[in-house]
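Results of the structural survey
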Amino acid sequence: MPIPSTTHVVLIPSYNPGPKVFDTVRAARRQWSPVWVIVDGSDDGSEQGLRAMAAQDDGLRVFVLPQNSGKGAAVLHGLEEATRLGFTHVLCMDSDGQHPVEQIPAFMAASQQQPGAMVLGVPVFDASAPSLRVKGRKISNWWANLETLWMGIGDSLFGFRVYPVAPLRRIMQRQHWMRRFDFDPEAVVRLCWAGVAPVNLPAPVKYFQAGEGGVSHFNYWRDNRLLTWMHIRLMFGFALRLPVLLLQRLRRPS
């Protein structure tokens, strides 16, 4: 098993993930220590299995939220604990097996080389990816890049990322959004506004069918309404910050 890090922790929010979560956590632990799982009000029995795994593994911790509050809320819980224990960075990844656990060391190394940056995964899709999801994300990516004056966000939605704890925690404590499906895109936009530069790395992504144990909580209409409202809010913030963003953009090396 890897030597435990004192600065970087893997953070896995988990809500009714199905059996894939156990393979995901085992694979993550082979790549990194420590690994934390935030059980976000799951009622599928995964909590018990994860607790049993943690009881046998000092590098794994399981936190249980009493009710489902959303991915962003689960991440914020992890950020608070990371701050308390002195960790400076978290690598967030999904619990359903879609994200490339074998890339954890490379993403952590990139973060250690540029600790003031956020390291964003840029998804490399294969044939398993739903066409609607692949094409639809281009819209959110375009808006996120407009809202940051093209500061370099490779993908606004892909949740395999390393965040610096302190600025993300400050941002989330200041406002009440970023708690559900809007977390990933709003986090990168607001971190760019705060001067946290993005570093983009390619990351393969795998979509599993139901027969393969795949579980999706994505709701096309509900979640796209949430994204639309998020981008409306961010455009107001963009307009207020435009002079500062222009200055930041001019100062960036070409």
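Quick note: structure is the one above.
What you see is a predicted model; the values in this text were computed from it and never measured. (Residues numbered from 1 in each chain as written. Predicted model: local features only at pLDDT ≥ 70, side-chain atom pairs only at ≥ 80, totals over all residues. Heavy atoms only, no water.)

**Here we look at the pairing of strand β3 (residues 60–65)**
- Across six bridges, the pairing between strand β2 (residues 35–40) and β3 is parallel. Residue pairing for β3: Trp36 is matched across the bridge by Arg61.
- The parallel pair β2 and β3, bridged by helix α2 (residues 46–55), forms a crossover whose chirality is right-handed. (Pairing = 2+ DSSP bridges. Helix = DSSP H or I, 4+ residues; strand = E, 2+ residues; numbered from the N terminus. Right-handed = clockwise from strand over helix to strand, strands pointing away.)

**Details of the sheet that holds β3**
- Across the sheet, seven strands lie side by side as β3-β2-β1-β4-β6-β5-β7; this open sheet has mixed pairing. Bordering the open sheet on either side are β3 and β7 (198–205), each of which pairs with just one other strand. Neighbouring strand axes in the sheet, compared pairwise and without regard to direction, differ in orientation by 25° on average.
- Along the sheet, α2 makes contact with β2 and β3, crossing β3 at roughly 150°.
- Lying on the sheet, helix α3 (residues 71–85) is in contact with β1 (8–14), β2, β3 and β4 (89–92); it crosses β2 at an angle near 140°. (Axes fitted to C-alpha atoms, helices over the stretch in contact; angles between N-to-C directions. Contact = heavy atoms within 4.5 Å.)

**A short note on a nonpolar patch on the surface**
- Taken together, the side chains of Ile139, Trp142, Trp143 and Trp150 define a hydrophobic patch exposed on the protein surface, amounting to about 450 Å² of accessible area.
- Secondary-structure assignment places Trp143 in helix α5 (residues 131–147).
- In this structure Trp143 comes out as partly exposed when scored by relative accessible area, which is 32%. (Patch = residues over 30% accessible without salt bridge, like charges linked within 9 Å, V, L, I, M, F, W, Y side chains within 5 Å. Areas by Shrake-Rupley, 256 points an atom, 1.4 Å probe, with all protein chains shown as cover. Salt bridge = Lys/Arg side-chain N within 4 Å of Asp/Glu carboxyl O. Buried < 20%, exposed > 50% of the residue type's maximum accessible area, 1.4 Å probe, protein only.)

**Looking at helix α6 (residues 165–174)**
- The complete set of buried residues in α6 reads Val165, Pro167, Leu168, Ile171 and Met172.
- Tucked into the core, α6 has its buried residues touching α3, β4, β6 (161–164) and α7 (183–193).

**Notes on the environment of Thr24**
- Within the secondary structure, Thr24 is located in helix α1 (residues 20–31).
- Expressed as a C-alpha distance, the spacing of Thr24 and Ile12, which sit 12 residues apart in the sequence, is 9.3 Å.
- Residue contacts for Thr24: discarding those within four places in its chain leaves Met93, Asp94, Ser95, Asp96, Gly97 and Val101.

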